[in-house]
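Structural overview
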Amino acid sequence: ASREALLRAVGPLPEGWRSWGDRMVLCQGLLERPSPAEADRRSVAADLLTRLAALKLGEVVELRVVSLAKTSEALAVGVLGAPAIGRNPHIAVAMAPGVWPSAADSIAEWLPWKGDALSLRGKVVQWLRAES
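The present account deals with the structure reproduced in this document. All of these numbers come straight from a predicted model, not from anything done at the bench. (Residues numbered from 1 in each chain as written. Predicted model: local features only at pLDDT ≥ 70, side-chain atom pairs only at ≥ 80, totals over all residues. Heavy atoms only, no water.)

Describing the overall build of the protein
Of the regular secondary structure elements, the protein holds two helices and eight strands. Helices (α) and strands (β) of the protein occur, in sequence order from the N terminus, as α-β-β-β-α-β-β-β-β-β. The burial tally for the protein puts 36% of its 132 residues in the buried class. By element, 53% of the accessible surface of the protein is carried by carbon and sulfur atoms, the whole surface being about 8,700 Å². (Helix = DSSP H or I, 4+ residues; strand = E, 2+ residues; numbered from the N terminus. Buried < 20%, exposed > 50% of the residue type's maximum accessible area, 1.4 Å probe, protein only. Areas by Shrake-Rupley, 256 points an atom, 1.4 Å probe, with all protein chains shown as cover.)

As for helix α1 (residues 2–10)
Within α1, the full set of buried residues consists of S2, A5, L6 and L7. For α1, the secondary structure elements touched by its buried residues are β1 (18–19), β5 (74–80), β6 (90–95) and β8 (119–123). Just downstream of α1, G11 is the residue with a positive phi angle, here 85°. (Contact = heavy atoms within 4.5 Å.)

Thoughts on the packing of aromatic side chains
Counting across every chain of the model gives one aromatic pair. Above the ring of W127, the side-chain terminus of R23 is found at 5.1 Å from the ring centroid. One residue, K70, lies across the ring of W17, its end atom 5.6 Å from the ring centre. (Phe/Tyr/Trp six-rings, centres within 6.5 Å; stacked < 30°, edge-to-face > 60°. Lys NZ or Arg CZ within 6 Å of the ring centre and 35° of its normal.)

Some details on the environment of V125
For V125, the position within the fold is in the segment after β8. For the pair formed by V125 and K56, sequence separation is 69 residues and the distance between their alpha carbons is 8.6 Å.

Details of the nonpolar core
Formed by 39 residues in total, the largest nonpolar core has its most connected members in L26, L52, V77, I91 and M95. Contributions of two or more residues to this core are made by α1, α2 (45–54), β4 (60–70), β5 and β6. Apart from residues no more than four positions distant in its own chain, L26 is found in contact with L31, L52, L55, A82, P83, A84 and I85. (Core = buried A, V, L, I, M, F, W, Y, C linked by side-chain atoms within 4.5 Å.)

Regarding the pattern of salt bridges
Per the counting criterion, the structure on display carries two salt bridges. Between R23 and D22 there is a salt bridge, with its nearest N and O atoms 3.3 Å apart. Here R121 and E62 are joined by a salt bridge, their closest N and O atoms 3.8 Å apart. Of this pair, R121 sits in strand β8 while E62 is found in strand β4, placing the two residues 59 residues apart along the sequence. (Salt bridge = Lys/Arg side-chain N within 4 Å of Asp/Glu carboxyl O.)

Okay, here's the thing in structure tokens:
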């Protein structure tokens, strides 16, 4: 239900773009042990790692949409409500043809959300990459 509400709220997508809107990356690696490359020197890093480790798989989290960003490759919404390592916690809503959601990680310009208040709910899951 949240994905559909998000897609409705952002309006029509550019022709040919693929819709996503169904996941937010909290960290790379296990929740209790995020990738060391992500642990930066922000003053809140220790608290952030503690909050990530406290999450439980299957736990439902509520996110509040607070910003919007669009480039020639990506459309994303900034969210608050769950701990996330990324400097701009977001949900990748849609991507241009041939572009993967990771392109939204490099968006630099975010504008305040001007739509109606939008809360999204999702479950904490863990995606593991197969070792090659």
